[in-house]
Amino acid sequence: MHPVMRSSARLYLRELAITDVDPLLAIYGSPAATEHLSFVSRNREQVQQVVAWSVAEATVRPRTEYALAVVESETAELIGSGRLALDPHQPRGATMGFALRPDVWGRGYGVETVRLLLSVGFNDLQLHRIWGARSPLNEASAKTMSAAGMVEEGTIREHVLRAGEWRDSVVHAILDREFFLCP
């Protein structure tokens, strides 16, 4: 499926473009935004590589990676990123993740972003199960995924190697039938 385009009341998802390097650097280069992610802050060259890879992956067939820009509808400004990655070990399953620019935190954009990603997964890709992992210390992400209808399932011990240290991950997931029951 290319291009992806999905919208909500205040946001829309779209394919990443080469011109998104600087706006994405405001997220991936921010120590605050990356504090609970699986990687440390990135520099401009690293973000350029991520964007170039994402743009190329969008046209691969069959497509297994969906790295998307989260855009504020009113301003047309990139304020975040979202990702769905099909899981080769789980039929009709995928992992998801998201990150927002720190200056837009606390506005409910996280819940809207997660719901948009879930909608792409369940409505467009016909997935059965989508799961995401968060840092155990990231309570905001826990609240966001819960508000989007995802259920906390448990902890994967020493799941992420970040800056030379192993970190656990807490898994949240949702099934297609649960998503379609969400208000």
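What counts, and where the lines are drawn
Residues numbered from 1 in each chain as written. Predicted model: local features only at pLDDT ≥ 70, side-chain atom pairs only at ≥ 80, totals over all residues. Heavy atoms only, no water. Helix = DSSP H or I, 4+ residues; strand = E, 2+ residues; numbered from the N terminus. Polar contact = N/O pair within 3.5 Å; in protein donor to acceptor, adjacent residues only side chain to side chain. Salt bridge = Lys/Arg side-chain N within 4 Å of Asp/Glu carboxyl O. Phe/Tyr/Trp six-rings, centres within 6.5 Å; stacked < 30°, edge-to-face > 60°. Buried < 20%, exposed > 50% of the residue type's maximum accessible area, 1.4 Å probe, protein only. Lys NZ or Arg CZ within 6 Å of the ring centre and 35° of its normal. Arc of directions from axis to C-beta. Contact = heavy atoms within 4.5 Å.

### Overview of the environment of serine 30
- Examined against the element boundaries, serine 30 turns out to sit in the loop between helix 1 (21-28) and helix 2 (31-34).
- Spatially, the C-alpha atom of serine 30 lies 24 Å from that of arginine 115, the residues being 85 residues apart in sequence.
- A polar side-chain atom of serine 30 sits 3.1 Å from the main-chain amide nitrogen of alanine 33.

### Let's talk about the pattern of salt bridges
- One pass over the structure, following the stated rule, counts eleven salt bridges.
- Members of the salt-bridge network, linked through shared partners, are Glu77, Arg101 and Asp103.

### Thoughts on the packing of aromatic side chains
- Counted under the stated rule, the structure contains four aromatic pairs.
- Here the aromatic rings of phenylalanine 122 and phenylalanine 179 are separated by 5.1 Å at their centres, their planes lie at 35°, and the arrangement is tilted. Here phenylalanine 122, found in helix 4 (residues 109-124), pairs with phenylalanine 179, found in helix 6 (residues 176-181); they are 57 residues apart in sequence, far enough to count as distant.
- An angle of 75° between the planes, with centres 5.3 Å apart, marks the rings of phenylalanine 179 and phenylalanine 180 as edge-to-face.
- Under the relative-accessibility criterion, phenylalanine 179 is labelled buried at 13%.
- The ring of tyrosine 28 is capped by arginine 42, whose NZ or CZ atom sits 5.7 Å from the centre of that ring.

### Concerning helix 5 (residues 139-147)
- Taken residue by residue, helix 5 has Ser141, Ala142, Thr144 and Met145 as its buried positions. Projection of helix 5 onto a plane perpendicular to its axis shows the buried side chains occupying an angular sector of 165°, all on one side. In helix 5, the exposed residues that point more than 90 degrees away from the buried face are Ala140 and Lys143.
- Check the buried side of helix 5 and you find it contacts strand 5 (93-100), helix 4, strand 6 (129-134) and strand 8 (165-175).
- One or two steps after helix 5, the chain reaches glycine 149, where phi turns positive at roughly 100°.

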